[in-house]
Amino acid sequence: MTISYEDMENFLVCPRRYYLSKKISKEVSPNFSEELMEAGFPLENPVIVCEFEGHGLVSNPDLVVKERDGWRIILRKNAKRFKDKYILESAYHALVFSKAGLKVSGVEIVSDSFSRKMENWKNLIPIVEDVLREMLTLDDDPHPRVGKHCRYCDFLEDCEGKLLEEKSLLLVNGIGEETYRVLYGMGIETLEDLAGADQRILEKVFGKEKGKRFIMAARAFLENRVIMITPPEDLPEGTIVDIEYHPAEESDFLYGFLIGDEYRYFLEEDQGDLIAFLNSLDDESVFYHYHGPEKRKLISLIGRNKRMNFLDVFSILRNHFVFPVMSYSLKRIAKYLGYDWRTSLNGYEILRLYEKWKKTRNEELLKQMLLYNEDDVRATKLVLDFMRSYSSFS
Ligand code: SF4
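Computed from a predicted structure; not experimentally measured. (Residues numbered from 1 in each chain as written. Predicted model: local features only at pLDDT ≥ 70, side-chain atom pairs only at ≥ 80, totals over all residues. Heavy atoms only, no water.)

Asker: Teacher, can you tell me more about empty space enclosed by the protein here?
Answerer: With a probe scaled to a water molecule rolled over the atoms, the places where space remains empty come into view. Enumeration over the complete set of coordinates arrives at two cavities of 30 Å³ or more. The calculated volume of the largest cavity comes to roughly 100 Å³. Cys 14, Arg 17, Pro 144, Arg 145, Val 146, His 149, Cys 150, Cys 153, Phe 155, Leu 156, Cys 159 and Met 326 together form the lining of the largest cavity. Here the residues of the lining of the largest cavity sort into nine nonpolar, one polar and two charged. Of the volumes computed, that of the second largest cavity is approximately 50 Å³. Taken together, Val 172, Asn 173, Arg 213, Phe 214, Ala 217, Arg 318, Val 322, Phe 323, Val 325 and Tyr 328 make up the full set of residues lining the second largest cavity. Here the lining of the second largest cavity takes three residues from helix H10 (residues 208-223), the largest share from any one element. Split into classes, the residues belonging to the lining of the second largest cavity amount to seven nonpolar, one polar and two charged. (1 Å grid on protein atoms, 1.4 Å probe; cavity = no way out; pocket = protein on both sides within 12 Å on 5 of 7 lines; lining within 4 Å. Points joined across faces, edges and corners; volume = space filled by probe spheres on them. Nonpolar A, V, L, I, M, F, W, Y, C, P; charged D, E, K, R; others polar. Helix = DSSP H or I, 4+ residues; strand = E, 2+ residues; numbered from the N terminus.)

Here it is as structure tokens:
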């Protein structure tokens, strides 16, 4: 087995995510030549492999530069601010280089906004080694470590299945470790306990909305069905919008619209066309979006002279329905309703894809980005249609 830094990061966030992803990890080989390294040229993206306790470790930094006293490893980031986790990452890469027989003169983290030379990576090597040993001895399927990080995880449904077997309270959206402990203290240990709990007591402890919702969610899971809280209002026809945003670059790189059944998109560089398109729409046009800042962004593009109405599908859904799912992300909800996603990309991967496309302008990468965005607006439409089928009850 070969371990990369991404594997280690996965393990630290959730050991189960690492455990499940390592089953599909691929073997890698070094891509540098001894001669090239000897010649001392700076190298972009070298793949360095070393052996660690009978297994492989791989390091693939952005750049290495030969200095008098060894190799300087440079890791490029898109983030605006330095993050503490980069310290451990530096130590990981330095460990792989050292074990591969390449002396390390320093590690540097650089972005457009900061540059930091890592001083203490050597002190962290024993910690990295301990984490790696834990990873290598992980034989049994670990328990899900539920948290916000689950939202974009590829194994969400797998974990739902596992937690459902245990009738675990952690399935319920809004029950984190703290709430779990409080419920446990109240003698509520399983979904069955929660489904049968005294609503007045839960409302007193957690507030009216949460208390009621927890009980409904437990029932939704046990009966494997969607529970309607109240019927939604009539939902008028409108345009569905989804904007892909790159947080580190603070840029909206792709705007997607679904008008009737027609998908239209605008790239960041087509802002003039986008504004013309928005201005061509009728006054009082209705826009639907799933969570996100689409309303603020479109208003900031065309100003308040044109009246547009925005409806958040996510908020309407949460106010009127309880689903037997751990996350109300569009991906999970639409999948529950039967949407067949054409790409397996997640929210993190689309950013990496965009970064690659920006550098290469590769048509295939653009196609994948568009497919991802089009799926988002079409999936939002499916959720909207699902709610419309209930609004006649109102
Ligand atoms: S869904 Fe959450 S708990 Fe499950 S593997 Fe992914 S990150 Fe871990």
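Asker: Even after reading the chapter, I still don't get the packing of helix H13 (residues 313-320) against helix H16 (residues 363-391), so can you show me in this structure?
Answerer: The interhelical angle for the contact between H13 and H16, taken along N-to-C directions, is 40°, at an axis separation of 10 Å. Along this stretch, H13 crosses H16, giving a crossing that reads as left-handed. Packed against H13, whose contacting residues are Val 313, Ile 316 and Leu 317, the element H16 presents Thr 380, Val 383, Leu 384 and Met 387 at the interface. Taken together, the residues of the contact of H13 with H16 break down into six nonpolar, one polar and no charged. (Axes fitted to C-alpha atoms, helices over the stretch in contact; angles between N-to-C directions. Left-handed = near helix turned anticlockwise from the far one by under 90°. Contact = heavy atoms within 4.5 Å.)

Asker: How should helix H4 (residues 85-99) be read in this particular structure?
Answerer: An α-helical turn contains 3.6 residues, so any two residues separated by three or four positions project in the same direction. Its 15 residues place the ends of H4 22 Å apart at the C-alpha level, agreeing with the 21 Å of an ideal helix rising 1.5 Å per residue. Of all 15 residues in H4, eleven are buried, a share of seventy percent or more. Where H4 is concerned, the buried positions are Tyr 86, Leu 88, Glu 89, Ser 90, Ala 91, Tyr 92, His 93, Ala 94, Leu 95, Val 96 and Phe 97. Phi turns positive, to about 85°, at Gly 101, one or two residues after H4. (Expected span 1.5 Å × (residues − 1). Buried < 20%, exposed > 50% of the residue type's maximum accessible area, 1.4 Å probe, protein only.)

Asker: Even after reading the chapter, I still don't get the sheet that holds strand E4 (residues 55-59), so can you show me in this structure?
Answerer: Sheet strands associate in pairs through backbone hydrogen bonding, adopting either a parallel or an antiparallel arrangement. Read across the sheet, three strands follow the order E1-E4-E3 without closing on themselves; strand pairing throughout is mixed. On the outer flanks of this sheet lie strand E1 (2-3) and strand E3 (48-52), each paired with one strand and no other. Alignment of E3 against E4, held across five bridges, turns out to be antiparallel. Its bridge partner being in E4, Ile 48 is matched across the sheet by Ser 59. Against the sheet, helix H5 (residues 121-136) engages E1, E3 and E4, with an angle of about 75° to E3. (Pairing = 2+ DSSP bridges.)

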